[in-house]
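# Survey of secondary and tertiary structure
So the chains spell out like this:
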Amino acid sequence: MGKGFFISKVVAVVCVVVAISAVATIIALSVVYAQEKSKNQETPTTATTAGPGTQTTTPSTPKEPWQRYRLPDSLSPISYNVTLWPRLTPNTDGLYIFSGYSTVLFTCVKETDLILIHSNKLNFTMFDGYHAQLKAVDGASAPQLKKSWLEVPTQYLVIQLSSPLQAGSTYELFTEFVGELADDLGGFYRSEYDEDGVRKILATTQMQPTDARKAFPCFDEPAMKAVFHMTLIHPHGTVALSNSMNYEPINITTPDGLNLIQTSFGPTEIMSTYLLAFVVCDFGFIQSDLGANVLIRIWARKKAIEEGQGAYALEKTGPILSFFEKYYKIPYPLKKSDQIALPDFSAGAMENWGLITYRETALLYNPAVSSNGDKEWVATVISHELAHMWFGNLVTTKWWNDLWLNEGFATYVSYLGANYAEPDWNMSDLIVLNEIIGVMAVDALASSHPLSSKEADVMRPEDINALFDSITYSKGAAVLRMLSSFITEEVFSNGLNVSTAVDNAGIQLPHSVEVIMNRWILQMGFPVVTIDTKTGKISQKHFLLNPDSVVDVPSEFNYEWFVPITWIKTGAAKDQYWLLTKEDMTTGDGDWLIANIDMKGFYRVNYDSENWDRILTKLSTQHQDIPVINRAQIIDDAFNLARAKIVSTTLALSTTRFLNTELEYMPWQTATRNLDYFVLMFDRSEVYGPMQGYINKKVTPLFKHFEELTANWTKIPEKHTDQYNQVNALSWGCSTGVDGCKELTTAWFKEWMDNPDNNKISPNLRTTVYCSAIAEGGAVEWDFAWKMYKSATIASEAEKLLYALSCTKQPWLLNRYLEYCLDPTMIRKQDATFTINYIAGNPIGQPLAWDFIRANWAHIFNDYGGGSMSFGRLISGVTKRFSSEFEYKQLLQFKEDNINQLGSAASSFEQALERTKANMDWVALNKELVFDWFTSEISGTV
């Protein structure tokens, strides 16, 4: 069993660690599933009911076990028997609560007189002055309880015993408790929505990473796997769901005469606490055909199900499951796969084993209203979550420091699953835009972090939450894609036993997979590879977006990598080479060379000036000779090399000259993202005018192309990426003043305002049209859009309007919108940070948003969760325009003033400070030069 992974504590499973000895990388999933299943045959335990009580808190002494964030290795859970009763109406104090009781069966591994079990925000019934009852199993006697208390900072229920538990003996710990069914999106929480004018309440869960302890006392670490026996008590008219199939519900009557339903569920597989899920709701569902090997059900609001919004998810779940069964070479481990769309959910989705929870936008699709982007999002998120059913759920990382193995792998193979489900979309290429290009900007900062951290560096819940970032997901996917490329996907997926498969396939590598991959996983960042085509010399250097930033984190590899170099010369593919050996790559006169074909490697490429000139000439004359991904790569590399002061900014800008003849989405989208940086830096300066004029010249032919292709915007392009690029044409066209664009969008929006029940705007274009029309309009347009947002029954439509409302140019409307963000009756908590970021993306709204979060930070931190996974994005989004000394000092002061209230955003503050410094330097160096270049281009001079 490889380090960094945990399957069970008893039987060694046939798993092979692939890349890393210091930290496990990819585990062989050719697991004998029967071994796993045999360990899951647990006898259900029973629990008894006790009366209400109170809780006490006792101060602790320093450096005691209960003051450490990691559990000791003295106890190991076997199973839980948990009964919970969520109240879907408030009590006399106006609070929503849940009550419950739990029995955990555990083994004493090492003799100890201390029980530590996680508990957070639970009020316990007291038994003879103690928080729990302990008894031994099989007739043995249990020690007497000596003292118990709640250790709030480390989230433990602490129980001291009068004598030690005996190693090898088994015990049961019983607790009864009450918790708040809050709207905080963590643990056991409530979600609210309106349907046909009626306010509906449901109870649901989000345990990952450390919130199972908010639902019931548990050993809340991923390695502490156990079997769970769940029972839910709920009102008539509702249904209860959990990881396993339910037994037949029974009617019960409480002592105070309430008639309720009690639903119990079969035992789960052996699994981690963070994968547990349960829901009480009155949702509807659709399901797969009876008799299928796996029961697939899609759950959502009844109206959403009636409108067919779950049909696409049901259609694609089966094929994606089948794909992964073949990919992993293991049958899907469960009998059912429930997927449920929740109105309030903090993440995109959560891979709970057998009951996957989603935001509505990630599961529901309505072809009449949803865009192709919405459809792609549903397919890739479903694929991501289903990939976890094996990698993450069946095989689990031991601790959160190796979270990237779980999320990076699922992100990479999600594109394979989505590509299988929708072969015409070319998803295996879109991973470059969706994951790789974006994360390279983050990993080019000196404040980045390695994929794998030391366990000792990831202890507190906020440390764990901070790891749910783009490095973990997107860079993890990128380096696995690179590994798959240089050993081939066939070898990579051949049981995932890579080391053996590489040898059997006769693949020649300069070092073992382990040695090569160590350098990509154990140190942050990536290299820029410089190729001098005159001499054939190849060199590498740690790429930093700000070359003056100081890297104060040492690396045992001195920030050097073993780099797989693929390249084409005058259009012909050449053999792959490995960096650090000098190869003859000299070109003849007129030859052009491009390295890192299809961006399979996680690195940037620079060339000598002559080769850059040859590439620019090829782009201007026959750009189709260069693969489409590499046309995007050339733009992205050049702009980022310019920001790092490795090449000139004019060279980077010159890579966009050919765009007036480019029709493909990937180069245009890459140019858009990089030009967006120029917009961020210069939209408040004199550079903005000539820059807009230049972009107008480039986008006008694209606008005309789609005008013709779509018969004057009346048809939808057939190609998936053409549908995306149509949006680029319209968005840039309207923002830069292409003739007729704004008139088009405002007319469409006006037509909708005149007939709100009949929105004829193409779903693919709605975000752009709404934004453009609201920007051109005033309070009337804004208020109409707000009304449509509040009445939207389809989450993807609501999300489009939520963004578009931030496009207004009226400061008072933006300020009012910001205030709505802290009122959950106006904007859901799950959407608040995104909405603030949308507003900050508006040049008028950016200073308003910055003032707003500074004035309301304590409220945002306390009520919206300092450990929230989207919290770091808030800081990144609101500060991305910062480029002055004044803004840098403001940010630094804000950090210092709130040093104890940063939570999972702490690393984002460091990245924002570094990014601001880099922006300041870049603007000072380039403002005049960029102004002259754009002015020259629009005037027609060279």
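Values in this document were obtained by computation on a predicted structure and should not be read as measured data. (Residues numbered from 1 in each chain as written. Predicted model: local features only at pLDDT ≥ 70, side-chain atom pairs only at ≥ 80, totals over all residues. Heavy atoms only, no water.)

### Some words on the overall build of the chain
Scanning the chain for helices and strands turns up 28 helices and 28 strands. Compactness check: the chain gives a C-alpha radius of gyration of 29 Å against a globular reference of 30 Å for 942 residues, within 12% of the reference. With respect to the three principal axes, the spread of C-alpha positions in the chain is 90 × 65 × 60 Å. For the chain, the proportion of its 942 residues judged to be buried stands at 62%. If you take every contact in the chain between residues at least 6 apart in sequence, the share linking residues at least 24 apart comes to 72%. Carbon and sulfur atoms form 51% of the exposed surface of the chain, whose accessible area is close to 35000 Å². The average position of the 77 basic charges and that of the 105 acidic charges among the side chains of the chain differ by 1 Å. (Helix = DSSP H or I, 4+ residues; strand = E, 2+ residues; numbered from the N terminus. Rg over C-alpha atoms; globule rule 2.2 N^0.38 Å. Buried < 20%, exposed > 50% of the residue type's maximum accessible area, 1.4 Å probe, protein only. Contact = heavy atoms within 4.5 Å. Areas by Shrake-Rupley, 256 points an atom, 1.4 Å probe, with all protein chains shown as cover. Lys, Arg positive; Asp, Glu negative; His and termini not counted. Charge placed at Lys NZ, Arg CZ, Asp CG, Glu CD.)

### Side note on the packing of aromatic side chains
What the rule picks out here adds up to 64 aromatic pairs. Relative to Phe283, the ring of Tyr193 has its centre 5.9 Å away and its plane inclined at 65 degrees; by these criteria the two rings are edge-to-face. Of the two residues, Tyr193 is situated in strand S10 (residues 187-195) and Phe283 in the loop between strand S16 (278-281) and strand S17 (284-287); the sequence distance between them amounts to 90 residues. According to the relative accessible area criterion, Tyr193 is buried, its value standing at 3%. Measuring from ring centre to ring centre gives 5.4 Å for Tyr694 and Phe934, while their planes differ by 50 degrees; the resulting arrangement is tilted. Here the residue Tyr694 occupies a position in helix H16 (residues 688-709), and Phe934 occupies one in helix H28 (residues 906-939), the gap between them amounting to 240 residues. Accessibility assignment for this pair places Tyr694 and Phe934 in one class, buried. One aromatic cluster in this structure is built from Phe323, Phe324, Tyr327, Tyr328, Tyr332, Trp390, Phe391, Phe409, Tyr412, Tyr420 and Phe492. Positioned over the ring face of Trp399 is Arg70, at 3.6 Å from the centre of the ring. (Phe/Tyr/Trp six-rings, centres within 6.5 Å; stacked < 30°, edge-to-face > 60°. Lys NZ or Arg CZ within 6 Å of the ring centre and 35° of its normal.)

### Quick word on the UniProt feature "domain: Aminopeptidase N-like N-terminal" (unreviewed entry) in the chain
The positions UniProt marks with the feature "domain: Aminopeptidase N-like N-terminal" (unreviewed entry) are residues 77-275. Summarising residues 77-275: 0% helix, 52% strand, and an end-to-end C-alpha distance of 15 Å. (UniProt positions renumbered as here; feature names shortened; annotations may be inferred.)

### Points about helix H15 (residues 665-682)
Over its 18 residues, H15 runs 25 Å from end to end, which matches the ideal 26 Å to within 8%, given 1.5 Å per residue. Burial of H15 is extensive: 16 of the 18 residues sit out of reach of the surface. (Expected span 1.5 Å × (residues − 1).)

### Some words on the nonpolar core
Counting 298 residues, the largest nonpolar core has Phe106, Phe324, Tyr327, Trp520 and Phe678 as its most contacted members. Looking at which domains feed residues into this core, each of domain 1 (65-282) and domain 2 (427-652) gives three or more. (Core = buried A, V, L, I, M, F, W, Y, C linked by side-chain atoms within 4.5 Å. Domains from an automatic or database assignment.)

### Re the sheet that holds strand S19 (residues 336-342)
Spatial strand order, S17-S18-S19-S21-S20: five strands in an open sheet with mixed pairing. Since the sheet does not close on itself, it has two edges, and those belong to S17 and strand S20 (349-350), each with one partner. As judged from the five bridges shared by strand S18 (residues 295-300) and S19, these two strands associate in the parallel manner. By the bridge assignment for S19, Ile298 is matched with Gln339. Of the strands in this sheet, S17, S18 and S19 touch helix H3 (residues 311-328), which is tilted by about 150 degrees from S18. Seen against the sheet, helix H4 (residues 372-388) touches S19, S20 and strand S21 (355-359) and runs at an angle of roughly 150 degrees to S21. (Pairing = 2+ DSSP bridges. Axes fitted to C-alpha atoms, helices over the stretch in contact; angles between N-to-C directions.)

### Quick notes on the environment of Trp390
Relative to the helices and strands, Trp390 resides in the loop between H4 and strand S22 (396-397). For the pair formed by Trp390 and Pro367, sequence separation is 23 residues and the distance between their alpha carbons is 31 Å. Excluding anything up to four places from it in sequence, Trp390 contacts Leu321, Phe324, Glu325, Tyr328, Ile330, Pro331, Tyr332, Pro333 and Val395. Only 3.4 Å separates the side chain of Trp390 from the backbone oxygen of Pro331, close enough to count as a polar contact. (Polar contact = N/O pair within 3.5 Å; in protein donor to acceptor, adjacent residues only side chain to side chain.)

### A closer look at the pattern of salt bridges
Opposite charge on two side chains permits them to pair, given that their charged atoms come into close proximity. Taken as a whole, this structure holds 45 salt bridges when the rule is applied. The closest approach of N and O atoms between Asp374 and Lys800, which form a salt bridge, is 2.4 Å. A residue pair is termed long-range when its members are at least 10 positions apart, and Asp374 in helix H4 and Lys800 in helix H21 (residues 795-804) qualify at 426 residues. Notably, a salt bridge pairs Arg460 with Asp463, separated by 2.9 Å at the nearest N-O pair. Within this structure, Arg190, Glu192, Asp194 and Arg199 form a network of salt bridges that share partners. (Salt bridge = Lys/Arg side-chain N within 4 Å of Asp/Glu carboxyl O.)

### What about the UniProt feature "binding site: Zn(2+)" (unreviewed entry) in the chain?
Residues annotated in UniProt with the feature "binding site: Zn(2+)" (unreviewed entry) correspond here to His384, His388 and Glu407. The greatest C-alpha distance among the residues just named is 8.6 Å, despite their covering 24 residues of sequence, which places them together in space. Assignment of secondary structure puts His384 in helix H4. We classify His384 as buried; its relative accessible area is 11%.

### Re the domain arrangement of the chain
Size of an interface: often given as the accessible area lost when the parts come together. The domains assigned to the chain are domain 1 (65-282) and domain 2 (427-652). Here domain 1 and domain 2 have C-alpha centroids that lie 46 Å from each other. Buried area between domain 1 and domain 2, summed over both chains or domains, comes out near 630 Å², and the portion from carbon and sulfur atoms is 70%. Counting the surface domain 1 buries against domain 2, the share from its top three residues, Tyr69, Arg70 and Pro209, is 71%. Here the side of domain 1 that touches domain 2 is composed, by residue class, of two nonpolar, three polar and two charged. (Buried area = accessible area lost by both parts, 1.4 Å probe. Nonpolar A, V, L, I, M, F, W, Y, C, P; charged D, E, K, R; others polar.)

### Side note on the state of the cysteines
Two cysteines, two sulfur atoms, one covalent bond between them: this is a disulfide. Within the structure shown, the criterion is met by two disulfides. Here Cys734 pairs with Cys741 through a disulfide, and the sulfurs are 2.1 Å apart. Judged by the sign of its S-S torsion, about -90 degrees, the bond between Cys734 and Cys741 is left-handed. Across this residue pair, the class does not change: Cys734 and Cys741 are buried. Note on cysteine connectivity: Cys771 is disulfide-linked to Cys807, with sulfurs 2.0 Å apart. Sign of the S-S torsion, about -105 degrees for the bond between Cys771 and Cys807, identifies this disulfide as left-handed. (Disulfide = S-S within 2.5 Å.)

### A word on the sheet that holds strand S27 (residues 593-595)
Pairing is antiparallel across the open sheet formed by three strands, whose spatial order is S26-S25-S27. Since the sheet does not close on itself, it has two edges, and those belong to strand S26 (572-578) and S27, each with one partner. Each strand axis lies, on average, 25 degrees off the axis of its neighbour in the sheet, ignoring direction. Examined bridge by bridge, strand S25 (residues 564-569) and S27 share three bridges and lie antiparallel to one another. Residue pairing for S27: Ile568 is matched across the bridge by Ile594.

### Remarks on the side chain of Lys225
Here Lys225 is to be found in the loop between strand S11 (198-206) and strand S12 (227-234). A distance of 3.3 Å separates a polar atom in the side chain of Lys225 from the backbone oxygen of Asn393. Among the polar contacts listed, one links the side chain of Lys225 to the side chain of Thr396, at a separation of 2.9 Å.

### Topic: the packing of H3 against H4
Two numbers describe how H3 lies on H4: the axes approach to 9 Å, and their chain directions differ by 40 degrees. The pairing of H3 with H4 is recorded here as oblique in orientation. At the point where H3 passes H4, the crossing takes the right-handed sense. On H4, the residues that touch Tyr312, Ala313, Thr317, Ile320, Leu321, Phe324 and Tyr328 of H3 are Lys375, Val378, Ala379, Ile382, Ser383, Leu386 and Ala387. Its residues assigned to classes, the contact of H3 with H4 comprises eleven nonpolar, two polar and one charged. (Parallel < 35°, antiparallel > 145°, perpendicular 65-115°, else oblique. Left-handed = near helix turned anticlockwise from the far one by under 90°.)

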